[in-house]
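# Reading the structure
Below, each chain spelled out in residue letters.
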Amino acid sequence: MKTNYIAFFAVMFFLSVIYSCESQDEMGHSILPEDDYATVVLTDTIEVKAYTEYDDNVTASYTSYLTSGGFSDPIFGKTITAFAAKFSNTSYGKFGEDAVTDSVVLTLGLDTTSQRFYGDSLKNFSMEVFPLIMPLSADSVYYQDIDFEGYYDKTKVGEVQFSPSTIKNTLTIYLDKSYGDKIIESVSDTTFDEKICGLYFKTPDDDLGTITRFYYNSRYSDFSYTVYYHCPEDTASSSVVFSVSDTDMRLNLARHDYSGTVLENLSENRELDYAYIQGLSGTKVRLEFPDIQKFNSVGGKYFSLVRAQLIVPLADSIKTLQSLYPAMERLYCSGKSAITGSEFTFYELFDFSSNGTRSTQYHVFNLDYETNCYTIDFTGRMQNLLDIYASGNTPAYSIYLHPTNQVSDFSRSVINTQNNKENPLRLVVEYLKYEK
């Protein structure tokens, strides 16, 4: 029995020596029948074409994140943002007879979950407050680049200067007493909703350097103003609170000026040396995989996809700007129908909660700061493309890279295309090639 064990291990050792000397593509062929064998997992890299396009103008209504400010850089040009909101008499408070305003104190909550500013956080930031003169209708659709000039009174009712890095949770702004008197009058004659339409927040167009992100949360009173007042017989002030409710319209607005940059006058199907992704209805990147069909014909052998990983490297050329204008922490991938033009989600890229129910969060590309790349498991989407080509058809959709939030993500990323030979945008495919 012992002799048999020694003989068995000797044979296995001999085969392992032969096996280790074979090439990776033919590994294992000598010990498997020719008509029933599989190779080891093979790896191939596919070039990916990337085209920068202007993003579709997205709806700006009811967003929780609201931005104000502006910045300018040599890559993406100038970006200006502003926001507007309707405030309601959520406390149902009333003013006494002959009430007079003592002060109007407005508070705005800042985003404390992530970076709340973009640009120079030490620079003094100006924000002006204007009263709206046109109601924001819940039945209307507002887009991010709407011409808002006719919606607000050009006489400001408040202004504040601050450095984003010094503000912790909320920003306080004192509004003019005259605005408080108008509020008292409109509440008294029940014309509040018609006359007090809301507030508009913007920075002067020449005040560039920082965009600050605010955060509306209905559970807190961070988006509200309090009118302090007294009546003739009062010895102390009373107050009424007005706040933004869930049903009150909120708009996050943005406009871009790409003059003098590589993004000016983008033409379709022109692949640049780099691809550009920007939030706030800025730019997106369309991806194409022209060589993916070759896997449906692998030398007459059968093909089985093991894994496909999309590697999206940040461009080294912008590293000097990243300290001031950092790249996006994450991206997401979506489809756009060639028939309807509407965007849709790739369901295999959904995140799932621990109990197995589908969440509302997309699976996203997270930026690896060590490799300076975004990566995502692209296996399911590649298999879908292969199945479509195998049926003799072409995909009826395009694939895009977007910011995770097109309305309020103020970051932007520059990525390598296939033109960068050292570190290109690429799809790394692992597969089996076998015969039956």
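As the structure is a computational prediction, the values presented were derived from the model and not from experiment.

Moving on: the overall build of the protein chain. Helices and strands together make up the secondary structure of the protein chain, namely 5 helices and 26 strands. Among the 436 residues that make up the protein chain, the fraction classed as buried is 47%. In the protein chain, of all internal contacts separated by at least 6 residues, the share reaching a separation of at least 24 is 81%. As displayed, the protein chain offers around 21600 Å² of accessible surface, 49% of which is attributable to carbon and sulfur atoms.

Turning to the pairing of strand β7 (residues 125-131), a few remarks are in order. Burial runs high along β7: 7 of the 7 residues are buried. Burial along β7 is two-sided: the face carrying Phe125, Met127, Val129 and Pro131 and the face carrying Ser126, Glu128 and Phe130 are both buried. Examined bridge by bridge, β7 and strand β10 (residues 199-202) share 4 bridges and lie antiparallel to one another. The residue bridging Pro131 from the neighbouring strand is Leu199, located in β10.

So, on to the packing of aromatic side chains. Under the definition given, this model contains 28 aromatic pairs. With 5.3 Å between their ring centres and 40 degrees between their planes, Phe295 and Phe303 make a pair best called tilted. Taken as a pair, Phe295 and Phe303 share a single burial class, namely buried. Members of the aromatic cluster, connected to one another through ring pairs, are Phe87, Phe95, Tyr179, Phe192, Tyr225, Tyr229 and Phe242. Above the plane of the ring of Tyr152 lies Lys154, whose end atom (NZ or CZ) is 4.3 Å from the centre.

Before going further, it helps to examine the environment of Leu427. Examined against the element boundaries, Leu427 turns out to sit in strand β26 (residues 426-434). With a relative accessible area of 0%, Leu427 lands in the buried category. The contacts of Leu427, once residues within four sequence positions are left out, are Asp44, Thr45, Ile46, Val48, Phe289, Ile292, Ala308, Gln309, Leu310, Phe378 and Met382.

Our next topic: the side chain of Arg412. Tracing the chain through its elements places Arg412 in strand β25 (residues 412-416). A distance of 3.3 Å separates polar atoms of two side chains, one belonging to Arg412 and the other to Asp73. A polar contact is formed between the side chain of Arg412 and the side chain of Tyr118, at a distance of 3.2 Å.

Calculation rules
Chains are numbered independently. Their residues run from 1 in the order of the written sequence. Under the rules for a predicted model, residues below a pLDDT of 70 receive no local features and side-chain atom pairs below 80 are neither given nor counted, while totals for whole chains, interfaces and linings still include all residues. Remark: hydrogens and water are excluded; side-chain values derive from all non-hydrogen atoms of the structure. Secondary structure elements follow DSSP: runs of H or I of four or more residues count as helices, runs of E of two or more count as strands, with numbering from the N terminus. A simple rule labels every residue: compare its accessible area, found with a 1.4 Å probe on the protein chains alone, to the largest value its type can have, and call it buried under 20%, exposed over 50%, or partly exposed in between. Contact between two residues is taken to exist if any of their heavy atoms lie within 4.5 Å; hydrogens are not considered. Computed with a 1.4 Å probe, the accessible areas rest on the Shrake-Rupley method; for each residue, only the protein chains presented here act as cover. Pairing between two strands requires that DSSP report at least two bridges joining them. Aromatic pairs are defined between Phe, Tyr and Trp rings, using the six-membered ring for Trp, whenever the two ring centres lie within 6.5 Å; interplanar angles under 30 degrees are classed as stacked, those over 60 as edge-to-face, and all others as tilted. Lysine NZ or arginine CZ positioned within 6 Å of the ring centre and within 35 degrees of the ring normal marks a charge as sitting over the ring. Under this definition, polar contacts are N or O atom pairs within 3.5 Å; protein pairs additionally need one hydrogen-donor-capable and one acceptor-capable atom, and for neighbouring residues in sequence, both atoms have to be side-chain atoms.

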